[in-house]
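Residues per chain, in single letters:
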Amino acid sequence: MKEPLFGAFDGAKPDEHYVGPIQRIDAPMRHYPRGEAVDFVVVGVGSAGGVLIQRLAKAGFSVVGLEAGPFWDTERDWVSDEAGSHGLYWNDLRIIGGSDPLALGANNSGKGVGGGSVHWAGFTPRLHPSDFRVRSDDGVAVDWPISYDDLKPYYELMEREIPVAGPTYYPWGDPHGYSYAPHPLGGVSQTLVRGCTRLGIPVVAGGPVAINSGSHGSRPHCIYRGFCIQGCKVGAKQSTLVSHVPDAIRHGAELRDKCMVARINLGKDGRVTGVTYYDEHGQEQEQRASVVIVSGYAIETPRLLLNSACPGFEQGLANSSGTLGKYLMAQIGNVVFGRFDDLVRMYKAPPANALTEEFYETDPRNDFVRGYAIQTVGPLPISFAQHMMVAQGAWGWGLRRTMMDYNHWSALGVLGEILPWEDNTVTLADVRDGFGLPVARVTFNLHENDHKIAQAGVQKTEEIMRAAGATEVTQEPRYAHLVGGARMGADASDSVVNSFGRTWDIPNLYVCDGSILPTQGSANPGLTIQALAARTADYLISERENAAAPTAATRIPVRYSLSPSEVAGRGMPRLKSRRPTTFGAGALGPGSRG
Amino acid sequence: MKTHDTRSQSSQSSQSGQSGQASQMSQQGDAERIGGVEVERLPRDPRTGQALAPRMQPGYYPGFSTLSQQSFWDEATRAVVLKRVNQPPPITFFDADEARVMQTVCDRVLPQDDRAPDRRIPILNTIDERLASGRINGYRYADMPPDPQAYRLAIKGIEAIAQSMGATTFTELNLRQQDLTLKSLHDGHPIAGDEYWRQMNARRFWLMLVSDCAGAYYAHPWAWDEIGFGGPAYPRGYMRLRDGQPEPWEKVEHRYEWEAPPESLSDTMESLSDTPEASSFTPGTH
Ligand SMILES: Cc1cc2nc3c(=O)[nH]c(=O)nc-3n(C[C@H](O)[C@H](O)[C@H](O)COP(=O)(O)OP(=O)(O)OC[C@H]3O[C@@H](n4cnc5c(N)ncnc54)[C@H](O)[C@@H]3O)c2cc1C
Ligand code: SF4
């Protein structure tokens, strides 16, 4: 057997905590005395929670993050293997129903520090300006209480911190560029680019993705091994575990893993006092805090608030509007498969690589509003077999035959907007988990506009697949990305939180994660979730500094100084925007001049 | 949970890949065999109609071996994959009768008769281990019982179908009848056993079963060799990303023609994408 170039690979080291092969958690973690109140307790250290604790800690506050899953040591815990990565997901029971039940588990949420950002594919498109006003423009759903321009500086900030690699010119929505070079194309990206080009459809390749194309701090660049949704052991793909958690710990945040928060406690004065949780030994504990922020994902966040019902809030904490758990959204995620005479080998290169947003916006020629994006995906063998069991109805010898042709197949994902509907909900089931807490029941029904988008998206993607040269094309219906369930709004009567995530009902209770999205566009939600988290952090910090008039703030300064240190000096190409931005100051943060 | 002595059963499976065992046991010993496998179970050469002898490594990448690359894998991955190859978990969830039926079911859902008997991939053990450990995929349909119960119900339902065809048990049916039984689950209309299938959605069970079988088979490095998948790739990574090119240690494709055994029904595919259960067990993508 040949010896590896650099000798046998070392692997995990005793007494050292690695996140990626080079990056070590290099500071001892602070431990706040039990029983002592802290400034902030954050429930769930995932996409949003990771960004949040980093900022609050760096601003000098005492922060405790309680995370239901483990604090991964990536060398020890993660494997370059599909079946061996089962433990990355939230596998605890949830009940699903409705006319179009949503498969969860590996298809939806993470459990462990980093949350869903551990196993996301890493597509990081921004929302379009039109996404913030679909009620005004299209007469459906609701407008956001903020505009694209309010979020734009945070998009730019997060694109540097993640950092996002992509083209210098990204043509859709508010056109912009990326500071890290786009990635090389793999076989699936070649399919999308070839098909789109033959049909005259604009397409970008190599990003935007949350994957390093050059080293960043102590994170190496991508090695194109294609295991992104099994967790990137390389540390090239961002998760908040590798991008923000190390800095959070350096600045004194305490992270308690394997701690499941059971309820939020309400004091007599109408403010929350902290949370009750089960620690890793199953012991009930209490953590008091001046502010509680729930960042548990679009299912667990409503579940926790519903499970925290108490006198005065019989229908769930912060639910005076009755909208908690409602307006849950998923995105249409149909995958179109094409078989080519030539080999593709779709397991190489990050599955998230190329996309087109040419069909994203409302088009008056359609019989539906809003639209869809088309993106590369790259299922590994087990996933591909499971897709084909539906798409082709393959089993037995047919499945063996299709799988022997694995290397001839390419796969493209539709990502379509589903509007928020009141009957798509998270409620409590009559089944309990190991802690005796009622589990979530997720009910999902597609409506007419959603069906039409799915149909149009599949049709267009099949057309592209054929134009690329596929001789056989098939598709599988599915969904991706749950958001909503504790939506933000301008009015306390039809939303749970305001645009900063503060619950209307309880001044020191916040929600900060995907559940606050009122609509979702056809962009993968991860970047938006992290951008909103940075904005909520800025608000919390301003509010604290400005204790005299806490609720008055609507415009708050963007705190560029809170970025992790490796971000300093990293630039962002400045394009002349077609649209004037009302947030001129945001464009000139210290990090953006690079 | 039932615990019974299955040590002999599980050690058999770990030595020789258990798939062949049950298949051989279910038939009389006088059938014609090639390479230890009854001829009627073997895929054919479409030009000659001759049965193709079982191979050490079916598929179009002869000589490709992911395991030969293991010194390039990281330690944690190597440990997980080698354990999968060398120590299939023992059967503890299914009792002996259930295991016998399920073994034959797995042999039809993911047939391995084209594999040399000692190169078969244990599937039932992996499913059994999942059910024994209570591991689920994070959700349950409102119209489905918990997974372990669903499997037990399905075994009863499958036995009821076998009895409606005049056999005492599924393993006694001929290949065609076994496939007909399973195809009726695929179609969502089980042939018999209403009292069991009424308690759950048969097609959802089918999708869980195929998912579980595929999850066990395509997790195995021998299956990766068969389909030309590069396997674990950290810390080395890939360098030849375009045009389906192989890495220096991967192999080019050498195709051969084959047909499923004539008695089998599973090589004709009917898409389930338009059925209400279509997105039941879908993996994550983007
Ligand atoms: C296969 C796959 C691919 C994806 N690809 C993309 C992509 O390419 N681009 C993209 O933008 N998005 C993608 N996503 C979606 C993305 O991962 C999620 O939208 C995002 O992570 C959600 O962030 P969050 O902060 O809302 O929740 P999470 O990141 O899920 O964080 C929630 C955390 O809270 C913890 N928690 C929950 N309840 C409790 C409790 N009671 N006590 C303590 N802790 C608790 C959880 O364990 C978890 O760690 C993908 C998802 C999947 C499944
Ligand atoms: S392809 Fe790149 S980003 Fe994805 S897992 Fe491999 S190294 Fe990480």
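What counts as what
Residues numbered from 1 in each chain as written. Chains lettered and ligands numbered in written order. Predicted model: local features only at pLDDT ≥ 70, side-chain atom pairs only at ≥ 80, totals over all residues. Heavy atoms only, no water. Helix = DSSP H or I, 4+ residues; strand = E, 2+ residues; numbered from the N terminus. Buried < 20%, exposed > 50% of the residue type's maximum accessible area, 1.4 Å probe, protein only. Contact = heavy atoms within 4.5 Å. Areas by Shrake-Rupley, 256 points an atom, 1.4 Å probe, with all protein chains shown as cover. Rg over C-alpha atoms; globule rule 2.2 N^0.38 Å. Lys, Arg positive; Asp, Glu negative; His and termini not counted. Charge placed at Lys NZ, Arg CZ, Asp CG, Glu CD. Salt bridge = Lys/Arg side-chain N within 4 Å of Asp/Glu carboxyl O. 1 Å grid on protein atoms, 1.4 Å probe; cavity = no way out; pocket = protein on both sides within 12 Å on 5 of 7 lines; lining within 4 Å. Points joined across faces, edges and corners; volume = space filled by probe spheres on them. Nonpolar A, V, L, I, M, F, W, Y, C, P; charged D, E, K, R; others polar. Expected span 1.5 Å × (residues − 1). Pairing = 2+ DSSP bridges. Near = heavy atom within 4 Å. Polar contact = N/O pair within 3.5 Å; in protein donor to acceptor, adjacent residues only side chain to side chain. pLDDT = per-residue confidence, 0-100. Buried area = accessible area lost by both parts, 1.4 Å probe. Axes fitted to C-alpha atoms, helices over the stretch in contact; angles between N-to-C directions. Parallel < 35°, antiparallel > 145°, perpendicular 65-115°, else oblique. Core = buried A, V, L, I, M, F, W, Y, C linked by side-chain atoms within 4.5 Å.

> If you had to explain the overall build of chain B to someone new, which residues and values would you point to?
The secondary structure content of chain B amounts to 10 helices and 3 strands. Listing the helices and strands of chain B from first to last along the sequence gives α-α-β-β-α-α-α-β-α-α-α-α-α. When the 286 residues of chain B are sorted by exposure, 60% land in the buried category. Long-range contacts, defined as pairs at least 24 residues apart, comprise 71% of the intrachain contacts of chain B with a sequence gap of at least 6. When the accessible surface of chain B is totalled, it reaches about 11300 Å², and 49% of it is carbon and sulfur.

> Tell me about the overall build of chain A, and please be specific about residues and values.
Scanning chain A from N- to C-terminus turns up 12 helices and 18 strands. In summary, chain A has a C-alpha radius of gyration of 23 Å against a globular reference of 25 Å for 594 residues, a match within 12%. If one aligns the C-alpha atoms of chain A with their principal axes, the spans along those axes are about 70 × 60 × 55 Å. Within chain A, the fraction of its 594 residues that count as buried is 70%. Carbon and sulfur atoms provide 51% of the accessible area of chain A, an area that totals close to 18300 Å². In chain A, the 55 positive side-chain charges and the 62 negative ones have mean positions that sit 4 Å from each other.

> Tell me about unusual backbone geometry, and please be specific about residues and values.
Across residues other than glycine, the phi torsion is negative in most instances, and most of the peptide bonds are trans. For the bond from I162 of chain A to P163 of chain A, the omega torsion is -25°, close enough to zero to count as cis. The topology assignment puts P163 of chain A in the loop between α4 (148-161) and α5 (187-199). Note that the residue after Y234 of chain B, namely P235 of chain B, is joined by a cis bond; omega there is 5°. Among the structural elements, P235 of chain B can be located in the segment after α10 (221-227). Phi is positive for Y297 of chain A, close to 95°, though the residue is something other than glycine. Its location among the elements puts Y297 of chain A in helix α8 (residues 297-307). One non-glycine residue with positive phi stands out, namely A318 of chain A, at about 65°. Assessed through its relative accessible area of 2%, A318 of chain A is described here as buried.

> Got a sec to walk through the pattern of salt bridges? Specific residues and values, please.
Summed over all chains, the structure comprises 54 salt bridges over all chains. When the shortest N-O distance is used, the salt bridge between D341 of chain A and R339 of chain A registers 3.9 Å. Notably, a salt bridge pairs E250 of chain B with K348 of chain A, separated by 3.0 Å at the nearest N-O pair. Taken together, the residues span two chains, with E250 of chain B in the segment after α10 and K348 of chain A in the loop between β10 (335-339) and β11 (354-356). Exposure remark for E250 of chain B: the relative accessible area of 5% places this residue in the buried category.

> Go over the layout of surface pockets, please, and point to the residues and values.
Empty space among the atoms becomes apparent when a probe as large as a water molecule is rolled across them. Residue and element names in this part refer to chain B. By volume, the largest pocket amounts to about 1200 Å³. Sort the elements by how many residues they give to the lining of the largest pocket and helix α5 (residues 124-133) lands first, with 5 residues. Here the residues of the lining of the largest pocket sort into 17 nonpolar, 17 polar and 7 charged.

> Mind laying out helix α6 (residues 147-164) of chain B, listing which residues take part and the relevant values?
Residues and elements named next belong to chain B. Under the 1.5 Å per step criterion, the end-to-end length of α6 is 25 Å for 18 residues, consistent within 8% with the ideal 26 Å. Summarising the contacts, the buried residues of α6 are in contact with α4 (96-109), α5, α7 (175-186), α8 (194-197) and α9 (202-217). In the stretch just after α6, G166 is the one whose phi turns positive, near 90°.

> Describe the pairing of strand β12 (residues 372-377) of chain A, and please don't skip the residues or the numbers.
Residues and elements named next belong to chain A. Counting buried positions over the 6 residues of β12 gives 6, a clear majority of the element. Where burial is concerned, the two faces of β12 agree: the one with Y372, I374 and T376 and the one with A373, Q375 and V377 are both buried. With 6 bridges connecting them, β12 and strand β13 (residues 409-416) associate as antiparallel partners. From the neighbouring strand, V377 faces β13, where its bridge partner is A411.

> Outline the site of ligand 1, listing residues and values.
Around ligand 1 lies a shell of 40 residues, among which S47, E67, G116, F123 and G526 of chain A are the nearest. Residues close to ligand 1 are split across chains A and B. Between ligand 1 and the protein, one listed contact pairs an oxygen atom with a backbone N or O atom of A48 of chain A at 3.0 Å. One of the backbone nitrogen or oxygen atoms of A68 of chain A is found 3.0 Å away from a nitrogen atom of ligand 1. Relative to its unbound accessible surface of 1000 Å², ligand 1 loses 99% to contact with the protein.

> So what's going on with the side chain of Q112 of chain B? Which residues, and what values?
Along the chain, Q112 of chain B falls in the loop between α4 and α5. Only 2.7 Å separates the side chain of Q112 of chain B from the backbone nitrogen of I121 of chain B, close enough to count as a polar contact.

> Go over the confidence of the model for chain B, please, and point to the residues and values.
Residues and elements named next belong to chain B. Residues at a pLDDT of 70 or more form 90% of chain B, whose mean pLDDT is 89. Long-range and interchain partners of residues 1-28, a stretch whose pLDDT sits below 50, account for 50 contacts in this model, where long-range means more than four residues apart. Overall fold confidence for the complex sits at a pTM of 0.93, while the interface term, ipTM, reaches 0.92.

> Which residues make up the interface of chain A and chain B, and what values do they have?
With 97 residues of chain A in contact, the opposing surface of chain B contributes 94 residues. Carbon and sulfur atoms supply 60% of the area buried between chain A and chain B, which totals about 7700 Å² over both sides. Contact with chain B buries area across many residues of chain A, yet W395, W397 and M404 of chain A alone supply 14% of it, more than any other trio. Run the count over chain A and chain B and you get 9 salt bridges. Here E247 of chain B ties to K348 of chain A by a salt bridge, and the two come within 2.8 Å at their closest N and O atoms. Where chain A meets chain B, there are 49 residue pairs in polar contact (both at pLDDT 80 or more). Looking at chain direction, strand β3 (residues 95-97) of chain A and strand β3 (residues 140-141) of chain B are connected through 2 bridges and run parallel. Bridge assignment links I95 of chain A to a residue of β3 of chain B, and that residue is R140 of chain B.

> Kindly report on the packing of α5 of chain A against helix α11 (residues 448-467) of chain A, identifying the contributing residues and their values.
Residue and element names in this part refer to chain A. One way to put it is that α5 packs onto α11 with a least axis distance of 7 Å and a crossing angle of 95°. In this view, α5 runs roughly perpendicular relative to α11, as classed from their interaxial angle. Where α5 approaches α11, its residues T191, L192, G195, C196, R198 and L199 are matched on the opposing element by E463, I464, M465 and A467. When the residues that make up the contact of α5 with α11 are grouped by side-chain class, the tally is 6 nonpolar, 2 polar and 2 charged.

> So, the nonpolar core: which residues are in play, and what are the values?
One recurring pattern in soluble globular proteins: nonpolar side chains tend to sit buried together. In this structure, I264, I293 and L509 of chain A together with F94, F205, W206 and Y218 of chain B are the most contacted members of the largest nonpolar core, which totals 249 residues. In this structure I264 of chain A touches V272, G274, V275, V292, V294, L304, L305, S308, L317 and L509 of chain A, once residues within four positions along its chain are discounted. Judged by nonpolar contacts, the second largest core, of 6 residues, contains W90, M260, Y278 and L437 of chain A.

> I'd love a proper account of the sheet that holds strand β15 (residues 438-443) of chain A, names of residues and values included.
One open sheet accounts for 4 strands, arranged β14(A)-β15(A)-β3(A)-β3(B); its pairing is mixed. Lying at the two open borders of the sheet, with one neighbouring strand each, are β14 (425-432) of chain A together with β3 of chain B. On the sheet, α8 of chain A packs against β14 and β15 of chain A and is oriented at approximately 65° with respect to β14 of chain A.

> Break down the environment of A142 of chain B for me, citing the residues and quoting the values.
Its location among the elements puts A142 of chain B in the loop between β3 and α6. Sequence separation between A142 of chain B and M200 of chain B is 58 residues, and the spatial gap between their C-alpha atoms is 9.6 Å. Leave out the neighbours within four places in its chain, and A142 of chain B touches I95, I96 and R441 of chain A.

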